[in-house]
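Residues per chain, in single letters:
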Amino acid sequence: MNASTAGGPQAGEVRMYYPSEEFVRQATISGMSAYEALCREAESDYTGYWAKRAREMVTWKTPFTQVLDESNAPFFKWFADGTLNASYNCLDRNLERGLGDKTAIIFEADDGEVTRINYRDLHAKVCQIANGLRSLGVQKGDRVVIYISMSIDGVAAMLACARIGATHSVVFGGFSAQALRDRIEDTRAKVVITADHQIRGGKQLPLKAIVDEALSLGGCDSVERVLVVRRSGAPVNMVQGRDRWMADVVGGQAQTCEPEWVEAEHPLFLLYTSGSTGKPKGVQHSTGGYLVHAALTTAWTFDLKPNDIFWCTADIGWITGHTYIAYGPMALGATQIVFEGVPTFPDASRFWRMIERHKVTIFYTAPTAIRSLIKAAESNDTVHPRNFDLSSLRLLGSVGEPINPAAWEWYYRHVGGERCPIVDTFWQTETGGHVITPLPGATPLVPGSCTLPFPGIMAAVVDETGKDVPNGQGGILVIKRPWPSMIRTIWGDPERFKKSYYPEEFGGKYYLAGDGAIRDAKTGYFTITGRIDDVLNVSGHRMGTMEIESALVAKTDLVAEAAVVGRPDETTGEAICAFVVLKRPLPTGDEARAIAKELRDWVAKEIGPIAKPKDIRFGENLPKTRSGKIMRRLLRSIAKGEAITQDTSTLENPAILDQLGQAY
Ligand code: PRX
């Protein structure tokens, strides 16, 4: 890469990083003119553009003749009369192309043990699981909840569901029994797939026991079977008639399995994410449109080539692990790393060691991981990436939250050796795949900017009335036309889908991302300015403030009222701050610290450890307007430790501002 400020830096001018000629030459989308040509193609014939991509990227059992059906907007349909199977596209198609011997997954366990599986064996494994599920009566359209950590079994279970047309819903292994129960209840899942334990950072943590607890909480009578993968081998409780070892169910099954050919709109998966109300929403994705964009973005954004060793560090419990582990790379027949552990075990050089060991060429991770590894390297030189041979890398990626320019520069210099482009990919659970991102062989990079829309994505910045705002002026991020991998609905709640993403007050026309954005006056590059709703982003994990508030007030013996806001945090991006009114006199000192701990543990139990508030502040009341609305802007200022500039004259009890000044 060459850094340049075209004609020498001027005041306020940003430094741009250009891909090297060598990178441009070999890139699939090579040069800005190629990018611009694709954008023009999409603009002049939108459906023709996407139809072409859909035919290039995916093998259809029945070719589609319809491309986009907008008759029931905003419930759009793509490629609706086409049929396909996602697992066929990710497995069989690779075997037909002669890739049977190619390594599909290099699995590195927490303790460093490596297991490789090629496409032929992965195909056989997936078929056996699929046959096993069928033998238990799982059919097209049934839901299967997968609660498992990073493993070949996890990816195979997803593909097995896809093979028989069952809709999977993966629940992140860090979620609590209560959160798991809520998701099982909402999906009405027939089967839960889990493991005895998960092993992370040298620790053995329960999975099966949490499933047992979730099912005991009630509301889960849809569940007929629990399938348990052996990971730790340590004993777990097995409920007779309900629980079966995965090995016993799939052991005798045939290694081939006729795929269930599904229509393009058939729900491939549901994935729960946080919104601005208390209840997480089940984002429903299609099979056809989703797979097209998963494969296309993997090919173009990551410039993926047959010899690449691709590593996306996300967990399959999040959308990134769906699109850029389970589906995108597999649909392209790539070799990829699946990692069970954590970046800081046995020490904070784990990522660098693994890149060196497996000769990773494309590395995709989250800013929060980079920031914590920068911190670690600053205090302990032996874990600095400069001590490792990272010369195999040719491309880096970032996802999940804005990457601050300082972290970008460090990543660029110390991990990428000033040679690798960084693709800062903006997208969401709902978008299914990248929507604003550089294409590495085309787009000049600016640290902290996700640059330009992916070709065919009509992203724009508008005001509250839906009118375009000029570049250089901040506004609301929207996508003006439907695209193939977009959310289809919220499972069981189409009204909420409409209200959340196509609200009436906004004309109901554009997809509302929920983020603010600004386009650079000169380059038109997008910078995401953060959520405009009550959604927080903590270490790249999406959390609803209302969700945490609901969890806090559910502690009815202790909590009378709670309000949650975010504040900036150097490492985690945002931190959760809870303001709590107790049903007992205002605590101070050790007592306050003990109650704060009790509340954190409670939230971990209700949602999961990722939702624990970093700061807890107690008051005899919360600051409210005369009409009784909590003054959240004021709470945000308090959380940040800012001087209070808001008008507080309407406060009933100004003394509470002093009380809330103390964080525990
Ligand atoms: O606020 C944006 C932020 O993450 C949100 C989506 O979160 P989730 O659905 O969990 O998906 C995360 C992985 C795709 C967005 O609304 N976000 C994601 N990527 C970026 C980002 N913010 C800035 N820059 C990004 N590259």
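An account of the accompanying structure is given in this report. (Residues numbered from 1 in each chain as written. Predicted model: local features only at pLDDT ≥ 70, side-chain atom pairs only at ≥ 80, totals over all residues. Heavy atoms only, no water.)

Details of the site of the ligand
1) Next: Surrounding the ligand, one finds 17 residues, the nearest of these being Thr425, Thr429, Asp515, Arg531 and Arg542.
2) Next: The contact in question runs from a nitrogen atom of the ligand to an N or O atom on the backbone of Gly400, over 3.2 Å.
3) Next: For the shell around the ligand, the secondary-structure elements that each account for two or more residues are helix H11 (319-331), strand S22 (422-425) and strand S27 (526-531). (Near = heavy atom within 4 Å. Polar contact = N/O pair within 3.5 Å; in protein donor to acceptor, adjacent residues only side chain to side chain. Helix = DSSP H or I, 4+ residues; strand = E, 2+ residues; numbered from the N terminus.)

Description of helix H7 (residues 177-187)
1) Next: Ala177, Ala179, Leu180, Arg181, Arg183, Ile184 and Thr187 are the residues of H7 that are buried.
2) Next: Where H7 is buried, its residues meet strand S8 (143-147), strand S9 (167-170), strand S10 (191-195), helix H8 (208-216), strand S16 (269-273) and helix H17 (589-606).
3) Next: In the segment just after H7, Arg188 is the residue with positive phi, at about 55°. (Buried < 20%, exposed > 50% of the residue type's maximum accessible area, 1.4 Å probe, protein only. Contact = heavy atoms within 4.5 Å.)

Re the side chain of Arg371
1) Next: Looking at the element boundaries, Arg371 is found in helix H13 (residues 367-379).
2) Next: By relative accessible area, Arg371 is classed as buried at 10%.
3) Next: Polar side-chain contacts of Arg371 include one of 2.9 Å to the side chain of Glu401.
4) Next: A distance of 2.9 Å separates a polar side-chain atom of Arg371 from the backbone oxygen of Thr571.
5) Next: With residues near it in sequence (within four places) discarded, Arg371 still touches Glu401, Pro402, Asn404, Ala407, Glu570, Thr571, Thr572 and Gly573.

Overview of the sheet that holds strand S24 (residues 475-479)
1) Next: Read across the sheet, 4 strands follow the order S23-S24-S26-S27 without closing on themselves; strand pairing throughout is antiparallel. Looking along the sheet, the strands with just one partner apiece sit at the ends: strand S23 (459-462) and S27. This sheet shows a mean twist of 45° between the axes of neighbouring strands, independent of strand direction.
2) Next: Where strand S26 (residues 511-519) lies against S27, 5 bridges are found, and the strand directions are antiparallel. By the bridge assignment for S27, Ala517 is matched with Ile528. (Pairing = 2+ DSSP bridges. Axes fitted to C-alpha atoms, helices over the stretch in contact; angles between N-to-C directions.)

Brief notes about the packing of aromatic side chains
1) Next: Summed over the entire model, instances satisfying the criterion amount to 38 aromatic pairs.
2) Next: Here the aromatic rings of Phe175 and Trp318 are separated by 5.9 Å at their centres, their planes lie at 65°, and the arrangement is edge-to-face. Taken together, the residues Phe175 in the loop between S9 and H7 and Trp318 in the loop between strand S18 (309-312) and H11 connect sequence positions 143 residues apart.
3) Next: Residue class for Trp318 comes out buried when judged on its relative accessible area of 19%. (Phe/Tyr/Trp six-rings, centres within 6.5 Å; stacked < 30°, edge-to-face > 60°.)

Observations regarding the sheet that holds S18
1) Next: Spatially, the 7 strands line up as an open sheet ordered S7-S6-S19-S18-S20-S21-S22, and their pairing is mixed. Every other strand in the sheet has two partners, leaving strand S7 (114-118) and S22 as the edge strands with one partner each. Sheet twist, expressed as the average angle between the axes of neighbouring strands with direction ignored, equals 20°.
2) Next: Bridging between strand S6 (residues 103-108) and S7 involves 5 bridges; their strand directions are antiparallel. Note on S7: the bridge partner recorded for Glu108 is Val114.

A closer look at the packing of helix H4 (residues 86-96) against helix H6 (residues 152-164)
1) Next: H6 packs onto H4 with a crossing angle of 115° between their chain directions and a minimal axis gap of 7 Å. Note on element contacts: H6 touches H4 through Leu159, Ala162 and Arg163, opposite Ala86, Ser87, Tyr88, Cys90, Leu91 and Asp92.
2) Next: By residue class, the composition of the contact of H4 with H6 is 6 nonpolar, 1 polar and 2 charged. (Nonpolar A, V, L, I, M, F, W, Y, C, P; charged D, E, K, R; others polar.)

What to know about the pattern of salt bridges
1) Next: Considering all chains together, one arrives at 44 salt bridges under this definition.
2) Next: Across the salt bridge formed by Asp601 and Lys612, the nearest N and O atoms sit 4.0 Å from each other. On the criterion of sequence distance, the pair formed by Asp601 in helix H17 and Lys612 in the loop between H17 and strand S32 (615-618) is long-range, its members being 11 residues apart.
3) Next: A relative accessible area of 35% means that Lys612 is categorised as partly exposed.
4) Next: What you see here is one network of salt bridges that share partners, running through Lys208, Asp212, Arg242 and Asp243. (Salt bridge = Lys/Arg side-chain N within 4 Å of Asp/Glu carboxyl O.)

Focus: the nonpolar core
1) Next: Ile105, Leu122, Leu133, Tyr327, Val580 and Phe618 are the most contacted members of the largest nonpolar core, which has 175 residues in total.
2) Next: Looking at this core, the element that brings in the most residues is H6, giving 10 residues.
3) Next: With residues near it in sequence (within four places) discarded, Val580 still touches Leu552, Val559, Glu561, Ala562, Leu599, Ile616, Arg617, Phe618 and Gly619. (Core = buried A, V, L, I, M, F, W, Y, C linked by side-chain atoms within 4.5 Å.)

Here's the deal with the pairing of strand S11 (residues 197-200)
1) Next: Relative to strand S12 (residues 203-206), S11 runs antiparallel, the two sharing 4 bridges. Across the sheet, Ile199 pairs through a bridge with Gln204, a residue of S12.
2) Next: Linkage of S11 to S12, two consecutive antiparallel strands, is achieved through a turn of 2 residues, within which Gly201 is found at a positive phi near 60°.

Structural notes on the side chain of His434
1) Next: Relative to the helices and strands, His434 resides in the loop between S22 and S23.
2) Next: Among the polar contacts listed, one links the side chain of His434 to the side chain of Thr301, at a separation of 3.0 Å.
3) Next: Setting aside anything within four residues of it in sequence, one finds His434 in contact with His293, Thr297, Thr301, Phe302, Tyr324, Tyr364, Thr425, Phe426, Trp427 and Phe454.

A short note on the environment of Glu430
1) Next: Tracing the chain through its elements places Glu430 in the loop between S22 and S23.
2) Next: The sequence separation of Glu430 and Ala513 amounts to 83 residues, and the corresponding C-alpha distance is 8.5 Å.
3) Next: Excluding its chain neighbours within four sequence positions, the residues that come into contact with Glu430 are Thr273, Lys281, Val283, His285, Trp483, Ser485, Met486, Ile487, Tyr501, Tyr511 and Arg542.

A few points about H8
1) Next: Among the residues of H8, Lys208, Ile210, Val211, Asp212, Ala214 and Leu215 are the ones counted as buried.
2) Next: Buried-residue contacts for H8 involve S8, H7, S10, S12, strand S13 (225-229) and strand S14 (243-245).

Some details on the environment of Val211
1) Next: If you trace the backbone, Val211 turns up in helix H8.
2) Next: For the pair formed by Val211 and Thr443, sequence separation is 232 residues and the distance between their alpha carbons is 46 Å.
3) Next: Contacts of Val211, omitting those with residues within four sequence positions, involve Tyr147, Leu180, Val192, Thr194 and Val226.

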